[in-house]
There are 2 protein chains.
Amino acid sequence: MSDPSPVRRPRPVPVEGMPAAVSVYEVGPRDGLQAESDVIPTAVKVALCSRLYAAGVRALEVTSFVPPSWIPQLADAREVVASVDVPDGARGVALVPNRRGLDDALSAGVREVAAVVSATDSFARANLNTDRAGSIARATEVVAEARAAGIPVRGYVSMSFGDPWEGAVDTAAVVDAASALSASGCRTLALGDTIGVATAGHVERMIDAVAAAGISRSALALHLHDTYGQALANVYAGLRNGVVEFDSSVGGLGRCPYAPGATGNLATEDLVWMLEGLGIRTGVDLVALARTSAWLSRIRGRPYASRVAAALDASPIPDREETPA
Amino acid sequence: MSDPSPVRRPRPVPVEGMPAAVSVYEVGPRDGLQAESDVIPTAVKVALCSRLYAAGVRALEVTSFVPPSWIPQLADAREVVASVDVPDGARGVALVPNRRGLDDALSAGVREVAAVVSATDSFARANLNTDRAGSIARATEVVAEARAAGIPVRGYVSMSFGDPWEGAVDTAAVVDAASALSASGCRTLALGDTIGVATAGHVERMIDAVAAAGISRSALALHLHDTYGQALANVYAGLRNGVVEFDSSVGGLGRCPYAPGATGNLATEDLVWMLEGLGIRTGVDLVALARTSAWLSRIRGRPYASRVAAALDASPIPDREETPA
């Protein structure tokens, strides 16, 4: 009898009514790294982006054009953008918090940007130096300018499901913020569970509320954190309700700044495992992704926050490119 | 502005058609501990069971009456059963692999037992010293004898969704095994994803297949491992398809014996968090459960495998009972 071995691929069993393909929107280089205290060399960031594209990722948030004083980790945004080749047909997105960030991104050659609003006053004050209404006004101005420059914009509504200062978040406030971004011309609208407190029923109800306001379900994305382990159940709820884009971070890179020691973004490997199991195409190669995750884990000297990566590591996948570029 | 703090409770948002209450079947003291290499003192096991009942758990698998040579960790089954007070209205279950185990359990005063069959020949050979058909014959004999003694029986079908030797598992083999257990008189039938490879569509299809064979959905339980991070999405699929009992392990206690370093059973805290978020009653107090998990983590000197426990630990919950009995 041979030795037992960890399974390397899920068995595809589709569910009627689910999409044939979805978009995996990788946020590790931006949302993951911005929460890291150890500064990662620019060359490693560039190699990470290149590996992710090579693994089949077709939507990648490469960096953020924020003032270096806000997030020193991302002070090399311009160099990263200059060095990362975005493959034909793929998206290379930069987050821009304001017009200054947009101008910097445009002059660096970025071809898609992401704008952020907060569904709560508290998060807007703590992270965006304004209030909820101010964050909407600022973001819609950015969207208008980007659209005028012919650049598509992704809109984030942060704290859509809960806030570490305020607790419960008003659904109407989320719908209002999402509607403002949509009206200003955002192509995609990502509902952000920034602190990972959403559960599946909450996700279903929020999608219905946003759709009832006239925003197409096919324009929605879910940006989920796995702080309380709920992210994949929430993806499943999203898939059942028409969402076709999901944010995740390779290796579960990142943390929750409001809960030290807790998990950060949903891990891309865990997401892709589920989607493959549902017979849904992503274009992402799970083995190439796991190799990237293992490579990054060795560089950071930290274990995986991805359960798939940890399980696959039980029978390591050969990797001939150990050294970062 | 006050400091942000991790959220301690999800916001309840029910989903239409889901049950008002479900059973959380705690397997930490049995399935969790049997995978641990460090031997846990009997007094700690007894204190663990008492804490779990005090936290509101109403279905608890206390131990297993296996030959000590198979699983030395559970050699104290008789002492544990003698020392654990099962509250009125609660279940205190012991797993029994064969008639000898059943006789020992009955003489120890156990009032509910669990029998196991394997859906695959390989797992039956490796763990039960027989083949698939032999495991069914042995289990149905145990069920008949227990029923004759007036004892309810829970039946497990191990490896229902994948096998580390054989890969994919035939759905017909699972249905056949479940039907045999059901016909012999099992009250509950737990479909076991022993290695955690199931995804949500697979779970939905398996439940439908078993129900089509005439087994009531309300008699089904899902025994899920979180090896690949899929367990809660699979619970959600189960809830949508009529399952009302879910197995989990406090603090994610346990491991996957076929994937060293990987996660073991679904963590009870993560399950209860989701169920509370769906407005589904469990009777389990999340804070008392998290305290139990923190207490056990300190004794074992190992971090939590539960994401909820890790997040709540960011703002520790006072615990006046630090010392095990």
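Here the residue numbering is sequential within each chain, running from 1 through the sequence in written order. Ligands are numbered from 1 and chains lettered from A, in the order in which they are written. With the structure being a predicted model, the display of local features is reserved for residues of pLDDT at least 70 and the display and counting of side-chain atom pairs for 80 or more, all residues being used for whole-chain, interface and lining totals. Each side-chain value is worked out from all heavy atoms of the structure, with water and hydrogens disregarded.

Draft legend 1. Structural detail: the overall build of chain A. Strands here mean DSSP runs of E at least two residues long; helices mean DSSP runs of H or I at least four residues long; both are numbered from the N terminus. From N to C terminus, chain A includes twelve helices and eight strands. Relative to its length of 325 residues, chain A is compact, with a C-alpha radius of gyration of 19 Å against a globular reference of 20 Å. Here the term buried applies to any residue with accessible area under 20% of the maximum for its type, exposed to any over 50%, and partly exposed to those in between, with areas from a 1.4 Å probe on protein chains only. A total of 325 residues make up chain A; the buried ones form 62% of that total. For chain A, the exposed area adds up to about 11300 Å²; of that, 49% sits on carbon and sulfur atoms. Here chain A holds 29 positive side-chain charges and 36 negative ones, and the gap between their average locations is 3 Å. Each radius of gyration reported is based on C-alpha atoms, and the globular scaling rule is 2.2 Å times the count of residues to the power 0.38. Residue exposure ignores everything except the shown protein chains as possible cover, and the areas themselves are Shrake-Rupley values with a 1.4 Å probe. For the purpose of counting charges, residues Lys and Arg are taken to be positive, whereas Asp and Glu are taken to be negative. His and the chain ends are not included. Where a charge sits is defined by one atom per residue type, namely NZ (Lys), CZ (Arg), CG (Asp) or CD (Glu).

Draft legend 2. Quick look at the relation of the copies chain B and chain A. In this comparison the copies share one frame, found by least squares on the C-alpha atoms of residues holding pLDDT of at least 70 in both. Expressed as a screw operation, the relation of chain B to chain A combines 0.0 Å of axial shift with a rotation of 180 degrees, fitting to an RMSD of 0.0 Å. This pairing of chains is accounted for by a two-fold axis. Closest approach to the rotation axis within chain B is made by the C-alpha atom of Ala233 of chain B, at a distance of 1.9 Å. Any pair of residues with heavy atoms lying within 4.5 Å of one another is described as a contacting pair. Looking at the interface residues of chain B, 100% of them are also at the interface in chain A, so both copies use one shared face.

Draft legend 3. Just the UniProt feature "domain: Pyruvate carboxyltransferase" (unreviewed entry) in chain A, in detail. UniProt positions are given in the numbering used here, feature names are shortened, and annotations may be inferred rather than shown by experiment. In the numbering adopted here, UniProt assigns the feature "domain: Pyruvate carboxyltransferase" (unreviewed entry) to residues 22-290 of chain A. Along residues 22-290 of chain A, the helical share is 42% and the strand share 16%, with 19 Å between the first and last C-alpha atoms.

Draft legend 4. Region of the structure containing the interface of chain B and chain A. Across the boundary between the two partners, chain B contributes 55 residues, which contact 56 residues of chain A. Computed with a 1.4 Å rolling probe, the buried area is the accessible surface lost when two parts are put together, summed over both parts. Summing both partners gives a buried area of about 4600 Å² for chain B against chain A, and 60% of it is carried by carbon and sulfur. By convention in these notes, a salt bridge is any Lys or Arg side-chain nitrogen within 4 Å of a carboxyl oxygen on Asp or Glu. Of the charged contacts, one joins Arg240 of chain A and Glu204 of chain B as a salt bridge, the two residues approaching to 3.0 Å between their closest N and O atoms. Think of a polar contact as two N or O atoms within 3.5 Å of one another; within protein, one of them needs to be a possible hydrogen donor and the other a possible acceptor, and neighboring residues in sequence only count if both atoms come from side chains. Our count for the chain B to chain A interface comes out at 16 residue pairs in polar contact (both at pLDDT 80 or more). When contributions to the side of chain B that touches chain A are tallied by element, the ones reaching two or more residues are helix H5 (121-128), helix H8 (200-212), helix H9 (231-240), helix H10 (268-277) and helix H12 (307-312) of chain B. Residues are grouped as follows: Ala, Val, Leu, Ile, Met, Phe, Trp, Tyr, Cys and Pro are nonpolar; Asp, Glu, Lys and Arg are charged; every other residue, Gly included, is polar. Its residues assigned to classes, the side of chain B that touches chain A shows 33 nonpolar, 13 polar and nine charged.

Draft legend 5. The sheet that holds strand E8 (residues 245-248) of chain A, seen in detail. All names here are of chain A. Any two strands with at least two DSSP-identified bridges between them are counted as paired. Judged by pairing direction, the barrel is parallel, and its eight strands sit side by side in the order E1-E2-E3-E4-E5-E6-E7-E8 before closing back on the first. When strand polarity is set aside, the average angle formed by the axes of neighbouring strands in this sheet is 25 degrees. Alignment of strand E7 (residues 220-224) against E8, held across three bridges, turns out to be parallel. The residue of E8 that forms the bridge with Ala221 is Glu245. Axis angles are defined between N-to-C directions and span 0 to 180 degrees, where every axis is a line fitted to C-alpha atoms and, for a helix, only to the segment in contact. Strand contacts of helix H9 (residues 231-240): E7 and E8, with the helix running at about 170 degrees to E7, the strand carrying the most contacts.

Draft legend 6. Geometry of the environment of Asp270 of chain A. By the secondary structure assignment, Asp270 of chain A is in helix H10 (residues 268-277). Spatially, the C-alpha atoms of Asp270 of chain A and Gly252 of chain A are 8.8 Å apart, while their sequence positions differ by 18 residues. Once residues lying within four places of it in the same chain are set aside, the contact partners of Asp270 of chain A are Leu232, Ser306, Arg307 and Val308 of chain A together with Tyr228 and Gln230 of chain B. Separated by 3.2 Å, the side chain of Asp270 of chain A and the backbone nitrogen of Arg307 of chain A make a polar contact.

Draft legend 7. Quick peek at helix H7 (residues 171-184) of chain B. With 14 residues, H7 of chain B ought to run about 20 Å at 1.5 Å a step, and its terminal C-alpha atoms sit 20 Å apart, in line with that. Those residues of H7 of chain B that are buried are in contact with strand E4 (112-118), helix H6 (132-148), strand E5 (153-158), strand E6 (188-193) and H8 of chain B. Multiplying 1.5 Å by the helix residue count minus one yields the expected span of that helix.

Draft legend 8. Expanded view of unusual backbone geometry. All names here are of chain B. Positive phi, normally seen in glycine, also occurs at Asn129, with a value near 60 degrees. By the element assignment, Asn129 lies in the loop between H5 and H6. Classification of Asn129 by relative accessible area gives exposed; the value is 65%. Here Met159, not a glycine, exhibits a phi torsion of approximately 60 degrees, which is positive.

Draft legend 9. Highlighting the pattern of salt bridges. Going through the model one piece at a time under the given rule, you end up with 34 salt bridges over all chains. Measuring nitrogen to oxygen at the nearest pair gives 2.4 Å for the salt bridge that ties Arg307 of chain B to Asp226 of chain A. Linking Arg307 of chain B in helix H12 with Asp226 of chain A in the loop between E7 and H9, this pair reaches from one chain into another. The same class applies to Arg307 of chain B and to Asp226 of chain A, which are both buried. Close ionic contact of Asp208 of chain B with Arg217 of chain B constitutes a salt bridge, the shortest N to O distance being 3.0 Å. A single network of salt bridges, built from pairs that share partners, joins Arg91, Glu112, Arg154, Glu245 and Asp247 of chain A.

Draft legend 10. Structural context of the environment of Thr171 of chain B. Residue and element names in this part refer to chain B. The topology assignment puts Thr171 in helix H7. Exposure remark for Thr171: the relative accessible area of 21% places this residue in the partly exposed category. With 34 residues separating them along the chain, Thr171 and Arg205 place their C-alpha atoms 9.1 Å apart.

Draft legend 11. Just the confidence of the model for chain A, in detail. You can read pLDDT as the predictor saying how much it trusts each residue, on a scale of 0 to 100. Mean pLDDT over chain A stands at 93; residues scoring 70 or higher make up 95%. The model gives residues 318-325 of chain A a pLDDT under 50, and that stretch makes 15 contacts with residues more than four places away or in other chains.

Draft legend 12. Up close: the side chain of His202 of chain A. Tracing the chain through its elements places His202 of chain A in helix H8 (residues 200-212). The buried category is assigned to His202 of chain A, whose relative accessible area is 4%. Residue contacts for His202 of chain A: discarding those within four places in its chain leaves Phe161 of chain A together with Arg11 and Val13 of chain B.

Draft legend 13. Quick look at helix H11 (residues 286-300) of chain B. Residue and element names in this part refer to chain B. Its 15 residues place the ends of H11 21 Å apart at the C-alpha level, agreeing with the 21 Å of an ideal helix rising 1.5 Å per residue. Here H11 lies mainly inside the structure; eleven of its 15 residues are buried. Against helix H2 (42-54), H10 and H12 lie the buried residues of H11.

Draft legend 14. Fine view of the packing of aromatic side chains. Aromatic pairs are defined between Phe, Tyr and Trp rings, using the six-membered ring for Trp, whenever the two ring centres lie within 6.5 Å; interplanar angles under 30 degrees are classed as stacked, those over 60 as edge-to-face, and all others as tilted. Counted by the stated rule, this structure contains three aromatic pairs over all chains. Ring geometry for Tyr228 of chain A versus Trp273 of chain B: centroids 4.0 Å apart, planes at 10 degrees, classification stacked. A residue pair is termed interchain when its members come from two chains, as with Tyr228 of chain A in the loop between E7 and H9 and Trp273 of chain B in helix H10. Charge-over-ring placement is defined geometrically: NZ (Lys) or CZ (Arg) within 6 Å of the ring centre, and within 35 degrees of the ring normal. Seen from the ring of Tyr25 of chain A, Arg154 of chain A lies directly overhead, with NZ or CZ sitting 3.4 Å from the centre.

Draft legend 15. Representation of the nonpolar core within the structure. Ranked by internal contacts, the top residues of the largest apolar core, which has 198 residues, are Leu239 of chain A together with Leu239 of chain B. Among residues more than four places away in sequence, those in contact with Leu239 of chain A are Met18, Pro19, Val22, Phe246, Met274, Leu275, Leu278 and Ile280 of chain A. Among buried residues, those of type Ala, Val, Leu, Ile, Met, Phe, Trp, Tyr and Cys that are joined through side-chain atoms within 4.5 Å constitute a nonpolar core.

Draft legend 16. Geometry of the packing of helix H7 (residues 171-184) of chain A against H8 of chain A. All names here are of chain A. Their axes nearest at 9 Å, the elements H7 and H8 cross at an angle of 50 degrees. Between H7 and H8, the interaxial angle falls into the category oblique. Every pair of crossing elements has a handedness; the one defined by H7 and H8 is right-handed. Each of Thr171, Val174, Val175 and Ala178 in H7 lies in contact with H8, whose residues at this interface are Met206, Ala209 and Val210. Each angle receives one of four descriptions, namely roughly parallel if under 35 degrees, roughly antiparallel if over 145, roughly perpendicular if within 65 to 115, and oblique otherwise. In a left-handed crossing the near helix is turned counterclockwise from the far helix by less than a right angle, and in a right-handed crossing that turn is clockwise.

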